[in-house]
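For reference, the chains in residue letters:
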Amino acid sequence: MTFEIKKIGVIGAGQMGNGIAHVCAVAGYDVVLSDVSEDRVKSGLATITGNMARLVTRGKLTDEERKIALDRIKPSVGLARLADCNLVIESAVEKEDIKRKILVDLCVVLNPRAMIATNTSSISITRLAAVTDRPERFMGIHFMNPVPLMELVELVRGIATGEETFEASKEFVRRLGKTYAVAEDFPAFIVNRILLPMINEAVYTLYEGVGTVEAIDNAMRLGANHPMGPLQLADFIGLDTCLSIMQVLYEGLADSKYRPCPLLVKYVEAGWLGRKTQRGFYDYRGEKPVPTR
């Protein structure tokens with residue numbers, strides 16, 4: 001029989017974590033949203049509240065459904081309230097050492113039968129599973145950003161992931177109303193293995209003076225019919241996340257074609273991480289975004 005999931009824990013109330021909590025609550029799951037501070041949890045809940053209100057305005061959700069879904073989400077500072085969850089999804093920053101520490105601490109409090117998933121966009125599922133006490137019940141469940149709007153979820157098995165865990169993960173994604181793509185446990189999986197080198201090449205194109213920020217983004221929007229330009233997309237993802245994924249690809253595949261562009265490194269060192277810091281390849285502090293190069 002497939003493992004039944006009723007209550008979801010989400011670790012990390014940021015951009016991805018609050019989106020995961022949002023879709024789980026709308027799908028009828030009880031959710032515990034956890035982070036390291038009350039301010040972060042409150043910020044995540046505020047984002048969920050605003051996003052659900054917009055869905056009501058667009059007719060995608062009724063006001064009654066919104067109220068019920070919001071009532072399903074319970075805040076938590078720390079990990080203790082995750083103890084009775086059937087599935088806990090780690091959605092912390094894309095840094096392997098931080099994720100490993102969270103997973104070790106989680107196993108101390110979590111029901112031994114519960115599943116653990118990571119929302120990592122690039123890091124080895126097998127390596128992360130190995131630090132837990134249940135690698136056979138560990139899974140990569142990678143949501144796309146923004147989670148409430150994007151249809152795809154990547155499912156990635158580690159070498160030890162059991163069939164019951166895999167089947168339960170597929171059923172979970174189906175209940176969320178999303179479509180899954182199964183990826184092998186290789187650096188960056190499918191989507192980011194293709195997407196991030198394109199973004200990195202766009203940064204190289206800027207770095208080498210082939211085109212300006214606006215020229216590069218307009219060229220890809222109008223010439224390749226992309227919904228947004230690659231530099232605009234990098235700002236949306238977060239330049240620190242883009243750099244982390246490129247580093248995983250470069251180190252994991254040992255191929256120079258994945259070398260992060262020095263300009264991307266420079267922006268991250270400056271703290272210009274995109275929309276979340278108000279500056280990246282565009283400056284977002286005014287009425288409309290302005291290219292920074």
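What counts, and where the lines are drawn
Residues numbered from 1 in each chain as written. Predicted model: local features only at pLDDT ≥ 70, side-chain atom pairs only at ≥ 80, totals over all residues. Heavy atoms only, no water. UniProt positions renumbered as here; feature names shortened; annotations may be inferred. Buried < 20%, exposed > 50% of the residue type's maximum accessible area, 1.4 Å probe, protein only. Helix = DSSP H or I, 4+ residues; strand = E, 2+ residues; numbered from the N terminus. Pairing = 2+ DSSP bridges. Right-handed = clockwise from strand over helix to strand, strands pointing away. Axes fitted to C-alpha atoms, helices over the stretch in contact; angles between N-to-C directions. Contact = heavy atoms within 4.5 Å. Polar contact = N/O pair within 3.5 Å; in protein donor to acceptor, adjacent residues only side chain to side chain. Salt bridge = Lys/Arg side-chain N within 4 Å of Asp/Glu carboxyl O.

Per an unreviewed UniProt entry, the recorded name for the chain is 3-hydroxybutyryl-CoA dehydrogenase, and the organism is Blastochloris sulfoviridis. Turning to the chain, the UniProt annotation filed under Sequence similarities (unreviewed entry) states: "Belongs to the 3-hydroxyacyl-CoA dehydrogenase family."

Points about the pairing of strand 5 (residues 115–118)
Successive side chains on a regular strand alternate, one facing one side of the sheet and the next facing the other. Side-chain alternation along strand 5 places Met115 and Ala117 on one buried face and Ile116 and Thr118 on a second face that is also buried. Sheet topology places strand 4 (residues 87–90) next to strand 5; 4 bridges connect them, and they run parallel. Across the sheet, the residue bridging to Ile89 is Ala117, located in strand 5. Chirality of the crossover, the property in question, places the unit of strand 4, helix 4 (residues 96–109) and strand 5 among those that are right-handed. One ladder, built from 3 bridges, connects strand 5 with strand 6 (residues 138–143); its direction is parallel. Bridge assignment links Ala117 to a residue of strand 6, and that residue is Met139. Handedness of the strand 5-helix 5 (residues 125–130)-strand 6 crossover: right-handed.

Things to note about the sheet that holds strand 7 (residues 152–157)
Ordered in space as 3-2-1-4-5-6-7-8, the 8 strands form an open sheet in which the pairing is mixed. At either margin of the open sheet sits one strand with a lone partner, and together these are strand 3 (73–77) and strand 8 (179–183). Geometrically, the sheet is characterised by an average inter-axis angle of 25 degrees between neighbouring strands, direction not taken into account. Both strand 7 and strand 8 contribute to a ladder of 5 bridges, which runs parallel. Counterpart to Leu152 in the pairing with strand 8 is Thr179.

Some thoughts on the UniProt feature "site: Important for catalytic activity" (unreviewed entry) in the chain
The residues that UniProt annotates with the feature "site: Important for catalytic activity" (unreviewed entry) are His142. Take His142: it is sitting in strand 6. What His142 contacts, discounting residues up to four positions off in sequence, is Thr118, Asn119, Thr120, Ser121, Leu152, Val153, Glu154 and Asn192. Among the polar contacts made by the side chain of His142, one reaches the side chain of Glu154 at a distance of 2.7 Å.

Overview of the pattern of salt bridges
Evaluated as defined, the whole model comprises 19 salt bridges. With its nearest N and O atoms 2.5 Å apart, the salt bridge here joins Lys101 to Asp105. Separated by 4 residues within a single helix, Lys101 and Asp105 lie in helix 4, roughly one turn from each other. A salt bridge links Glu163 to Arg157; the nearest nitrogen and oxygen atoms lie 3.1 Å apart.

Side note on helix 9 (residues 230–237)
Judged by how many residues are buried, helix 9 sits mostly within the fold: 6 of 8 residues are covered. Among the residues of helix 9, those classed as buried are Pro230, Leu231, Leu233, Ala234, Asp235 and Ile237. Packing partners of the buried residues in helix 9 comprise helix 1 (15–26), helix 7 (191–207), helix 8 (213–223), helix 10 (239–253) and strand 9 (282–283). Looking one or two residues beyond helix 9, the residue adopting positive phi is Gly238, at roughly 110 degrees.

Quick look at the UniProt feature "domain: 3-hydroxyacyl-CoA dehydrogenase NAD binding" (unreviewed entry) in the chain
Within the UniProt annotation, "domain: 3-hydroxyacyl-CoA dehydrogenase NAD binding" (unreviewed entry) is assigned to residues 7–185. For residues 7–185, helix accounts for 42% and strand for 23%, while the C-alpha atoms at its two ends are 27 Å apart.

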